[in-house]
Amino acid sequence: MGKRVTWKKIKTARQLYLMLFLPLLYLLIFCYAPMFGIQIAFKDFSYKKGIWGSEWIGLEHFIDFLGDRKFYQYLINTLRISVYAMVAGNIVPLFLALCLNIIKPGIFKRSVQMISYLPHFISVVVLCGILIQMLNPIVGLYGSLAKLLTGERPPDVLSIPSAYPHLHVWSGVWQNAGWNSIIYTAALANSDQQLHEAAQIDGASRLQRIWHIDIPTILPTFVILVIMNAGRLMSVGYEKVLLLQNSLILSYSETISTYVYKQAFASSRADFGYSTAVGLFDSAINIILLVLVNLLSKKVTETSLW
């Protein structure tokens, strides 16, 4: 009887299940099927012998990575950029959503939303090209303005190691702040208008209403996004870093992601086993951080993913 009811529900909602089929197929092909190759992280991988024929060496790759003299540098660089990006990348969209919520619907509000959303659709390659051209100390906008105001050529920002994290993070904030604010704007739409009316009658200012009504409304959404970002804390990504990177700023820009890429594809002796081990280590730390932050959030705010 239970099976009949289940199949009847599936038949009734067959269109929804059909729509769900393609995303599930995508996950199976591109997320779960590649997990078969994770085993080379524990093997001395050889092209001739293949995955199954390669010699099993256990945790040797992991030990080599943890014993690398630059391991702590890669780890610190990764955490510096990712934590910085997580804080700025959540606070700025939240602030933007609160500001847009204050503005009355009209041409100005729609224009601000459109302008803030557009950078999200710029590819990473184009964004890095824009940054390189604008920050050129000789022919770029940055160099031209500095020459006009001071009469001297400014220093090359792209060659200053300590400037790289700020450049990486704030260019990403500019690109994605508008797009990321959409979810906060949607959450604010559920704000109880009766509370705002009651607060206005009691003489509450706009700032007080934001602090006591709007922020508590979107706080659960904010916490969920922070938890999800914590699960990607060790995954800075290598595309943007490699496009902006040069030999002068390696001490601040070389991360675990770029190290994995270089070991697999930019080395004279491509070591796929070692790079897979480093990537697996990175993913394992992300999972641990996700679980820990979720547990902490559940205890402190009673909001969690599970």
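Residues numbered from 1 in each chain as written. Predicted model: local features only at pLDDT ≥ 70, side-chain atom pairs only at ≥ 80, totals over all residues. Heavy atoms only, no water.

Caption draft 1: Geometry of the nonpolar core. Counting residues in each nonpolar core, the largest one holds 14 residues, and the members touching the most others are Phe65, Ile256, Tyr259 and Val278. Those elements that provide at least two residues to this core are helix H4 (60-66), helix H5 (71-102), helix H14 (256-265) and helix H15 (272-300). Grouped together as the second largest cluster of nonpolar side chains are 12 residues, Ile81, Cys128, Leu158 and Tyr164 included. (Core = buried A, V, L, I, M, F, W, Y, C linked by side-chain atoms within 4.5 Å. Buried < 20%, exposed > 50% of the residue type's maximum accessible area, 1.4 Å probe, protein only. Helix = DSSP H or I, 4+ residues; strand = E, 2+ residues; numbered from the N terminus.)

Caption draft 2: How the structure looks around the side chain of Asn77. As for its placement among the helices and strands, Asn77 is situated in helix H5. You can call Asn77 buried: its relative accessible area is 2%. Those residues in contact with Asn77, other than ones at most four positions away along the chain, are Leu250, Ser251, Tyr252, Ser253, Glu254 and Thr255. (Contact = heavy atoms within 4.5 Å.)

Caption draft 3: Representation of the side chain of Asn294 within the structure. If you trace the backbone, Asn294 turns up in helix H15. Judged by relative accessible area, Asn294 falls into the buried class, the value being 0%. If we skip the residues at most four places from it in the chain, Asn294 touches Ile227, Ser304, Leu305 and Trp306.

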